Amino acid sequence: VWGGGAGRDIVCAADVRVCSSDAIFSARAVRIGIVEDMGSLQRLPVIVGEGAARELCLTGEDFGAARAAQLGLVNHVDDAPEAALGHAFAIASRIAANPPLTVQGVKHVMNQRAHAGLRESLQYSALWNAAFMQSRDFAEAIAAFTEKREPKFEGR
């Protein structure tokens, strides 16, 4: 399941993404009262497009491997986790067969283009969360999450 912060951010930061058909994805931070702050909001629009990224991050809804492939979030969907792992290793082997300095150069140039302004955006996200975590709505989001109930937000 791609719902936890670190897992989601690793997926967004990966060069090539392979999953099994039973994978479930989500950007749930909005459901627990925080703003994504480890790069998902910055990287996801580049991967899936602005409209799809906004829908995913604003709703926090779960979606499956087929939708992830349709959006371009994953490159390949395999039938089983073992097949996905084998597929990922095969891709990694093909990459590793190329000259290491050239692979590093390709990654560096592509990352420079894709992530221009990333540091500033991450700093802004951290500032936003630091301020929001003082709100009543954040406390309500955490309480509702731990009590497994629907939150009642006040906008304060």
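The structure we're discussing is the one just above.
What comes next is a walk through the structure. The shown structure was predicted, so the numbers you read here are calculated from the model rather than taken from an experiment.

**Thoughts on the overall build of the protein**
So, step 1. Helix and strand content of the protein: eight helices and four strands.
So, step 2. Ordered by position in the sequence, the α and β elements of the protein form the string α-β-β-α-α-β-α-β-α-α-α-α.
So, step 3. Oriented by its inertia axes, the alpha-carbon framework of the protein measures out at about 55 × 35 × 25 Å.
So, step 4. When contacts within the protein are restricted to residue pairs at least 6 apart in sequence, long-range pairs at least 24 apart make up 66% of them.
So, step 5. By element, 60% of the accessible surface of the protein is carried by carbon and sulfur atoms, the whole surface being about 9800 Å².
So, step 6. Once the 16 positive and 18 negative side-chain charges of the protein are each reduced to a mean point, those two points are 4 Å apart.

**Some thoughts on the environment of phenylalanine 89**
So, step 1. By secondary structure assignment, the location of phenylalanine 89 is in helix 5 (residues 81-96).
So, step 2. Residue phenylalanine 89 is classed as exposed on the basis of its relative accessible area of 53%.
So, step 3. Sequence separation between phenylalanine 89 and valine 18 is 71 residues, and the spatial gap between their C-alpha atoms is 9.9 Å.

**Remarks on the packing of helix 2 (residues 40-48) against helix 3 (residues 50-59)**
So, step 1. Taken N-terminus to C-terminus, the directions of helix 2 and helix 3 make an angle of 135 degrees; their axes are 7 Å apart at the nearest point. If you check the angle between helix 2 and helix 3, you find them oblique. As for how helix 2 packs across helix 3, the hand of that crossing is right-handed. In this structure, helix 2 contributes Leu41, Leu44, Pro45 and Val48 to the contact, and helix 3 contributes Glu50, Ala52, Ala53, Leu56 and Cys57.
So, step 2. Here the residues of the contact of helix 2 with helix 3 are counted per class, giving eight nonpolar, no polar and one charged.

**What about a nonpolar patch on the surface?**
So, step 1. Taken together, the side chains of Tyr124, Leu127 and Trp128 present a nonpolar region at the surface, about 390 Å² in accessible area.
So, step 2. Inspection of the secondary structure assignment puts tryptophan 128 in helix 7 (residues 118-132).
So, step 3. Overall, tryptophan 128 belongs to the partly exposed group, its relative accessible area being 44%.

**Concerning the nonpolar core**
So, step 1. With 18 residues, the main nonpolar core has Phe25, Leu44, Val48, Phe63 and Leu73 as its most contacted residues.
So, step 2. Residue assignment for this core shows that the elements contributing at least two residues are helix 1 (5-13), helix 2, helix 3 and helix 4 (65-71).
So, step 3. Looking at this core element by element, the count peaks at four residues for helix 3.

**Considerations on the side chain of serine 26**
So, step 1. Within the secondary structure, serine 26 sits in the loop between strand 2 (24-25) and helix 2.
So, step 2. A polar contact of 3.3 Å, which involves the side chain of serine 26, links it to the side chain of aspartate 62.

**Regarding the packing of aromatic side chains**
So, step 1. Under the definition given, this model contains one aromatic pair.
So, step 2. Each ring, one from phenylalanine 25 and one from phenylalanine 63, has its centre 5.6 Å from the other, and the planes form 25 degrees; the classification is stacked. With a gap of 38 residues between them, phenylalanine 25 in strand 2 and phenylalanine 63 in strand 3 (residues 63-64) connect regions that are remote in the sequence. Pair check on accessibility: phenylalanine 25 and phenylalanine 63 agree, each one buried.

**Some remarks on the environment of valine 35**
So, step 1. Structurally, valine 35 is set in the loop between strand 2 and helix 2.
So, step 2. In this structure the C-alpha to C-alpha distance between valine 35 and alanine 126, which are 91 residues apart in sequence, comes to 8.5 Å.
So, step 3. Every residue in contact with valine 35, bar those within four places of it in the chain, is listed here: Ala29, Leu41, Trp128 and Asn129.

**Observations concerning the side chain of glutamate 140**
So, step 1. Its location among the elements puts glutamate 140 in helix 8 (residues 136-147).
So, step 2. In this structure the side chain of glutamate 140 is engaged in a polar contact, spanning 2.6 Å, whose partner is the side chain of arginine 149.
So, step 3. Engagement of the side chain of glutamate 140 in a polar contact is seen with the backbone nitrogen of lysine 152, the distance being 2.9 Å.
So, step 4. Among residues more than four places away in sequence, those in contact with glutamate 140 are Arg149, Glu150, Pro151, Lys152 and Phe153.

Analysis parameters
Numbering of residues starts from 1 in every chain and runs along the sequence as written. Residue-level local features of this predicted model are given only where pLDDT is at least 70; pairs of side-chain atoms are given and counted only at 80 or more, and the full residue set underlies all totals for whole chains, interfaces and linings. Neither water nor hydrogens contribute to the side-chain values; these are computed over all heavy atoms in the structure. Working definition: helices are DSSP H or I runs of at least four residues, strands are E runs of at least two. Numbering for both runs from the N terminus. Any pair of residues with heavy atoms lying within 4.5 Å of one another is described as a contacting pair. The Shrake-Rupley method, run with a 1.4 Å probe sphere, supplies the accessible areas, and residue values consider only the shown protein chains as cover. Within this scheme the basic residues Lys and Arg register as positive and the acidic residues Asp and Glu register as negative, but His and the chain ends are omitted. Working definition for charges: the position is that of NZ of Lys, CZ of Arg, CG of Asp or CD of Glu. Buried, partly exposed and exposed residues are distinguished by accessible area as a fraction of the type maximum, computed with a 1.4 Å probe on protein chains only: under 20%, between the cut-offs, and over 50%, respectively. Here the axes come from fitting lines to C-alpha atoms, over the contacting stretch only for helices, and the angles between their N-to-C directions go from 0 to 180 degrees. Put simply, angles under 35 degrees are roughly parallel, angles over 145 are roughly antiparallel, angles from 65 to 115 are roughly perpendicular, and the rest are oblique. Here a crossing is taken to be left-handed if its near helix is turned anticlockwise relative to the far helix by less than a right angle, and right-handed if that turn runs clockwise. For this classification, Asp, Glu, Lys and Arg are treated as charged, while Ala, Val, Leu, Ile, Met, Phe, Trp, Tyr, Cys and Pro are nonpolar and the rest, including Gly, are polar. Patches draw on residues past 30% relative accessible area with no salt bridge. Two like charges within 9 Å are joined, as are two nonpolar side chains (Val, Leu, Ile, Met, Phe, Trp, Tyr) within 5 Å. Salt bridge, as applied in this entry: a Lys or Arg side-chain nitrogen positioned within 4 Å of an Asp or Glu carboxyl oxygen. What we call a nonpolar core is a set of buried Ala, Val, Leu, Ile, Met, Phe, Trp, Tyr and Cys residues that are connected through their side-chain atoms within 4.5 Å. A 3.5 Å cut-off defines polar contacts: any pair of N or O atoms within that distance qualifies, except that in protein one atom must be a possible hydrogen donor and the other a possible acceptor, and neighbouring residues in sequence count only when both atoms are side-chain atoms. Aromatic pairs are defined between Phe, Tyr and Trp rings, using the six-membered ring for Trp, whenever the two ring centres lie within 6.5 Å; interplanar angles under 30 degrees are classed as stacked, those over 60 as edge-to-face, and all others as tilted.

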